[in-house]
Amino acid sequence: MAAKVFWLASFLATATLCFAGLPAEAEGEAGGPTPSTRATEAATAEEPLPRGAIARMGTTRFRPGEDNQAVSFLPGNRTVVVMKSDGRLQHWDAQTGRFLKNAAFLEPEISAAAYTADGRFFALLGWSADQKLRKHVKWVALVDAQTGEEQMHHKFDDDPDVRLIAVADNATAIALQGKVSILIDLARGDVIEWPIEQVPYTSAVALSPDGNLLAVASPGVVRVWKWRESMEPRYFAIPGNDPRKRADIGSIEFLPDGSQMAVGIHGETVSLINLAEGKETRRFVVDNGNQRRAQDLSQLVFSADGRLLASPYSSASGSGVAVWEVATGKLVKQLKPEYDGVGPIAFSSDANWLVGIRNFRLFVWNVKTGELLGHNLRDHKTPPHTIRFSPDDESLLSAGDDGTVHHWKLPESMPKFVTKHQAESNGNVHAIRGLDVSSDGKYIATSCIDDTVRLWDAESGREIYKWPGHGRLGFQRFLRFTPDGKRLVSWGDNMQVRIWSTEKGTVVSEYVAQPSGEASSTNGGPLGQLDGKGEFTAVQGTISPDASRLVAVGKAVHVFDVATGRELLKFDWPTKTHVRYTAISPDNRFLLMLVWGYREEIALAGGKTWREVIPRAELRNLSDGTLVAEIEREDHSFTEGAAFSADNGLVAFTVGKEQRSVVVMKMPDLTEIGRIEGFSVAPFAIEFSHSGKLLAVAKEDTSVVVYNLAKLTTEKTAQP
């Protein structure tokens, strides 16, 4: 079948990335991470504080944040490189987990990435918004992992339906795959496209190390082309354990010498196929008895010498990275993370180390011993979504999706104690999204996605009461103590409101907050009925600091009196608007909403439409819903974090997509008086201290930094 060939006009065009942060370390030197005793000492050593900060709770080491597309070692094995979806190319010290430098890529929306075996290059698939043409444009690029320079960049005239990417180890070819097959011959500067019907639904794509073979997976079969010589593929049937079903193939990888390919079958095993003979030579299982079937075999990685094969997995026994000996099929190591599973992985060039990444954490293992560098770091495993100061401002509490509450004694960086919601039998933990501290400092309350609300002793961390929660669906959980600390108000996605006695452990009042004018629904939409019993869910909401008011946001904003459940106010806003975060001022006068609004749709060619997202912060009167002040930003930048000071004089919220900041503003005109700039990861939650002297910021890297507010309100404060 003839191929369509297009000249790659921008082949080898160079664009330089801008770095910020520490100077780059020298690369290419021999060696790698040292034994874990030294690594642990380095990882737990004191980390420099940003200007204006008085304390950091937790660590920034091994914490690249979320939305990671790929990870690899640079030559020399001393540096780990993380390619992020927002276009940043991060360098991390493999031994200590210390952040080294950060690059801002020119095209900051990356949907897929692949790396060469030596770690020198990343191939990237992404899209950018063409403001002039009012459309999204897909592109592919080859980037030097060490310098951040583009070696190739190509934009497509149309919008090809591709979502997978692979790159040859010698960086001579890039393959893109989806409903369309596209090959980029870097040696000749050609872009070759196959018709849609040539390859049906695909789940994995790979290029041989020399770039001559292309492998594409469909259910139960892998097609392999010598794409530079012939357009006719060889078909390799991949049998699954169940002969009635086609094997669900999740990954493909060629052996470094190109003689065989490994095929990962979701829910089953890894099959090794001899290309010359066209048959399976070996199967790799998570344990030698094949009693536990491996799930999520979405990436396969061979060591450079072809001796070892690794893949992330999950099974009945837990999750981690399985490492097999290729010659025998023997499982030689199961590398376990501290929390959750593992995503993208890579071997060091000498196969002594393996790096993995999942959400917010880098994992670097010694392959021989299975030891994890920095394994004993005492902090959150996921970002804290809720933080609270103790009434005396001498302690800080943080709760996260790892199911824990850390009680930090300021300004110490080690927690006074850690409380944890009990994990399920399979080891899964549930997110804590509700947290509060009583005004007398006696109690801590948590609300978790495990369908519980719990009361804890603030001094010892001992659990006092365990109450029914607000279901296992959704992520909206809110708690507030009444000013006297004798009652606790809990609320969640199911719109159920419960008022608990902290002294007796009994429920004082219980009702469903019923928004007016909202029709019942079973489609899971805004304020839609969940289970046919009149329980509704809100897309956003909050409880006032004094526990007297409840705000639930759906198709409209509904304000309730907590004590009676009576709806006090309802107001609407323009359609096609999404609320990201809400906060109520301590005096109940104001409601702050971080909003994503859409401008009018513009018709494009082909029946498509364009609509631009414009974020804004709205300050409204809580009594009547009227708009008091508004700030609109052009960079899609309001994120999920906002707080009022206890004296109602200040408000702070997070802004920025590429340049992240926390802005402090004067009430009620929203005049900026201070800013924390230059976060390398996103701020997640903000909280003022009760005295108004401190501002705490929980970050995507799982740490919490406490700043001197007086310093922030006199000058902008830089954050490394």
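One can find the structure itself at the top, above this paragraph.
These figures come from a predicted structure and were not determined experimentally.

### Re the overall build of the chain
On a plain count of helices and strands, the chain comes out with two helices and 60 strands. Counting all 720 residues of the chain, 59% fall into the buried class. Put simply, of all contacts in the chain between residues at least 6 apart along the chain, 48% involve residues at least 24 apart. Counting every atom, the chain has about 29,000 Å² of accessible surface; 48% of that belongs to carbon and sulfur.

### Details of the environment of Val 191
Locating Val 191 in the fold gives a position in strand β15 (residues 190–194). Through-space distance from the C-alpha of Val 191 to that of His 154 is 9.4 Å; in sequence the pair is 37 residues apart.

### A word on the pattern of salt bridges
Evaluated as defined, the whole model comprises 23 salt bridges. The partner of Asp 190 in a salt bridge is Arg 188, and the shortest N-O contact between them spans 3.2 Å. The exposure class of Asp 190 is buried, given its relative accessible area of 7%. For Arg 188, a relative accessible area of 56% corresponds to the exposed category.

### A closer look at the pairing of strand β27 (residues 331–335)
Strand direction decides the pairing type here: strand β26 (residues 318–325) and β27, joined by four bridges, are antiparallel. Across the sheet, Trp 324 pairs through a bridge with Leu 331, a residue of β27.

### Let's talk about the sheet that holds strand β33 (residues 404–409)
An order of β31-β32-β33-β34 is seen for the four strands of this open sheet, with the pairing classed as antiparallel. Each of the sheet's edge strands pairs with one partner strand only, and the pair in question is β31 (384–389) and β34 (415–420). Shown here is a sheet whose adjacent strand axes are inclined to one another by a mean of 15 degrees, direction ignored. Taken together, the five bridges between β33 and β34 define a ladder with antiparallel strand orientation. If you follow His 407 over to β34, its bridge partner there is Phe 417.

### Focus: unusual backbone geometry
Cis rather than trans, the peptide bond between Leu 410 and Pro 411 has omega equal to 0 degrees. Tracing the chain through its elements places Pro 411 in the loop between β33 and β34. Of note, the amide linkage connecting Met 667 to Pro 668 takes the cis form, showing an omega dihedral of -5 degrees. Along the chain, Pro 668 turns up in the loop between β55 (660–666) and β56 (671–679).

### Topic: the environment of Gln 514
Residue placement: Gln 514 occurs in the loop between β42 (507–512) and β43 (540–543). Taking relative accessible area as the criterion, Gln 514 reaches 38% and is therefore assigned partly exposed. In this structure the C-alpha to C-alpha distance between Gln 514 and Met 495, which are 19 residues apart in sequence, comes to 7.6 Å.

### Digging into the nonpolar core
Residues Val 80, Phe 122, Val 321, Phe 347, Leu 354 and Leu 362 are the most contacted members of the largest nonpolar core, which totals 46 residues. Not counting chain neighbours up to four residues away, the residues in contact with Leu 354 comprise Phe 73, Ala 310, Val 321, Leu 335, Ile 345, Ala 346, Phe 347, Phe 363, Val 364, Trp 365 and Val 367. In terms of nonpolar packing, the next biggest core, distinct from the first, is built from 20 residues, Ala 123, Val 167, Ile 184 and Val 191 among them.

### With respect to the packing of aromatic side chains
Applying the stated rule across the entire model yields eight aromatic pairs. Here the aromatic rings of Tyr 115 and Phe 122 are separated by 6.4 Å at their centres, their planes lie at 65 degrees, and the arrangement is edge-to-face. Consider the rings of Tyr 465 and Trp 467, whose centres lie 5.5 Å apart with planes at 20 degrees: the pair is stacked. The exposure class assigned to Tyr 465 is partly exposed, which follows from its relative accessible area of 22%. For Trp 467, a relative accessible area of 5% puts it in the buried group. Site record: aromatic cluster; members linked through ring pairs are Tyr 465, Trp 467 and Trp 500.

Rules of the game
Residues numbered from 1 in each chain as written. Predicted model: local features only at pLDDT ≥ 70, side-chain atom pairs only at ≥ 80, totals over all residues. Heavy atoms only, no water. Helix = DSSP H or I, 4+ residues; strand = E, 2+ residues; numbered from the N terminus. Buried < 20%, exposed > 50% of the residue type's maximum accessible area, 1.4 Å probe, protein only. Contact = heavy atoms within 4.5 Å. Areas by Shrake-Rupley, 256 points an atom, 1.4 Å probe, with all protein chains shown as cover. Salt bridge = Lys/Arg side-chain N within 4 Å of Asp/Glu carboxyl O. Pairing = 2+ DSSP bridges. Axes fitted to C-alpha atoms, helices over the stretch in contact; angles between N-to-C directions. Core = buried A, V, L, I, M, F, W, Y, C linked by side-chain atoms within 4.5 Å. Phe/Tyr/Trp six-rings, centres within 6.5 Å; stacked < 30°, edge-to-face > 60°.

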